[in-house]
Amino acid sequence: MNEPVVALNPMTNELLPEQNRDGGIDQDWAGDDQDWWDWYVTLAANDTMPTELVDGPGLPDVEAATDAQVERELAEPYNLDPAAVESFAREAFVRLPAVFSPAVVRRLAERLEELLRAEHGDDVAGRFTALEQMWLHDDLMRAVALSPRIGGVAAALLDEPAVRLYHDNALSKEPGCGRTPWHHDAEHFPLQTTQAVTAWMPMSAIPGRMGPLSFARGRKVLDEVADLEFDKVGTSYDEAVAQRFVERDVAVQSEPFAVGDVSFHSALCFHTAGPNLTTQPRRALATTYFADGARVVESPTLISGTWREFLPGVEPGGLAASELNPVVGRRD
């Protein structure tokens, strides 16, 4: 795995936990998961944003599915086009249509609203709020994280006999929140493999002004930016990646998401997301899977955040197969 080169910045990001302010990134993250996200979005460069936000698309205009209907749909296999598998192998990401019905999206969005409000309250304007490991205490979120439908797609795209759950995640880019910095997830998952994939499942349509994911096309894009210096303070790395992509004509795909679309991006895929310039939170569920048999790297960094919560009892170098990492997808 290619590790980012680290540049030390004499400036101090006050959102970094005090224990993480000195030195580089070769240390455990000292805060909680939301602390990590509050810090991470400060690494993205942002143009001056409009002061007026436009209306968002709202939730799907259908009656919400029942919980039983959600579970049944998530247990059914998805008819994966072989062309999509080929595209993923070539580009390191793919977006699939109609993975969820609008009724299922509506029900999941309503439940996610309840969970996020209970965790973060209402005073969240301009922030990027998150919630991890929901599947451990919520039946609907458990149905998503352990879904044979989603896990089966993950195994097929990775061409792995079986994949394990790393963690689930709720991501809510609140109205007025800025960009997500350019990154690839191999930096975030402390695994000795890049055979990992994240299913990004929007909880509404995501128009351009809402900040859909944007993907740099090509499995070897990482080679184009491997020499750039990562700085845990400031936006220099994000800006340098964007400039390098322009200089080397790296194609970037950025398109709106329709209701029910789900994207799958490899740990090798460089991606970003624009600001949310609407009055509606841009919400998505994101579940990550990795190849069965993977081990934890010998030296996790603070970029891996609260990884010990997702792999309890597993030490660096150990097999990534704790009780919280069940096999949830098998290649058909």
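See the structure shown above.
Residues numbered from 1 in each chain as written. Predicted model: local features only at pLDDT ≥ 70, side-chain atom pairs only at ≥ 80, totals over all residues. Heavy atoms only, no water.

Q: Talk me through the nonpolar core; I want residue IDs and the actual numbers.
A: Leu96, Phe100, Leu108, Met201, Phe264, Leu285 and Tyr289 are the most contacted members of the largest nonpolar core, which totals 45 residues. For this core, the element with the most residues is helix α4 (residues 102-120), which contributes seven residues. Residues in contact with Leu108, not counting those within four places in the same chain, are Val70, Leu140, Met141, Val144, Met203 and Leu285. Core analysis: the second largest hydrophobic core is formed by 41 residues, Trp29, Phe215, Leu228 and Val233 among them. (Core = buried A, V, L, I, M, F, W, Y, C linked by side-chain atoms within 4.5 Å. Buried < 20%, exposed > 50% of the residue type's maximum accessible area, 1.4 Å probe, protein only. Helix = DSSP H or I, 4+ residues; strand = E, 2+ residues; numbered from the N terminus. Contact = heavy atoms within 4.5 Å.)

Q: Mind laying out the side chain of Asp261, listing which residues take part and the relevant values?
A: Relative to the helices and strands, Asp261 resides in the loop between β10 (252-254) and β11 (262-266). Looking at Asp261, its side chain comes within polar contact range of the main-chain nitrogen of Ala258, at 3.0 Å. (Polar contact = N/O pair within 3.5 Å; in protein donor to acceptor, adjacent residues only side chain to side chain.)

Q: Now, about the pattern of salt bridges: what can you tell me, with residues and values included?
A: Note on pairing: side chains with opposite charge can pair once their charged atoms come close. Counted according to the given criterion, the structure contains 20 salt bridges. Between Glu110 and Arg106 there is a salt bridge, and its shortest N-O distance comes to 3.0 Å. Of the two residues, Glu110 and Arg106 are both situated in helix α4; the distance of four residues between them amounts to about one turn of the helix. Exposure remark for Arg106: the relative accessible area of 23% places this residue in the partly exposed category. (Salt bridge = Lys/Arg side-chain N within 4 Å of Asp/Glu carboxyl O.)

Q: Quick one: what's the story with empty space enclosed by the protein, residue by residue and with numbers?
A: In this approach, a probe sized like a water molecule rolls over the atoms, and the result shows the empty space that is left. Evaluated as defined, the whole model comprises five cavities of 30 Å³ or more. Its volume calculated, the largest cavity comes out at about 410 Å³. Looking at the lining of the largest cavity, the elements that each hand over two or more residues are α1 (33-40), β3 (128-132), β4 (162-167), β5 (169-173), β6 (180-183), β7 (196-202), β12 (271-273) and β13 (282-291). The residue makeup of the lining of the largest cavity, split by class, is 13 nonpolar, 12 polar and four charged. (1 Å grid on protein atoms, 1.4 Å probe; cavity = no way out; pocket = protein on both sides within 12 Å on 5 of 7 lines; lining within 4 Å. Points joined across faces, edges and corners; volume = space filled by probe spheres on them. Nonpolar A, V, L, I, M, F, W, Y, C, P; charged D, E, K, R; others polar.)

Q: Describe the packing of helix α2 (residues 67-75) against α4, and please don't skip the residues or the numbers.
A: Here α2 crosses α4 at 120 degrees, and the two axes come no closer than 10 Å. When the axis of α2 is compared with that of α4, the two are oblique. The two elements α2 and α4 meet at a crossing, and its hand is left-handed. Counted together, Asp67, Val70 and Glu73 of α2 and Val104, Arg107 and Leu108 of α4 form the full contact between these two elements. Looking at the contact of α2 with α4 residue by residue, the classes come out as three nonpolar, no polar and three charged. (Axes fitted to C-alpha atoms, helices over the stretch in contact; angles between N-to-C directions. Parallel < 35°, antiparallel > 145°, perpendicular 65-115°, else oblique. Left-handed = near helix turned anticlockwise from the far one by under 90°.)

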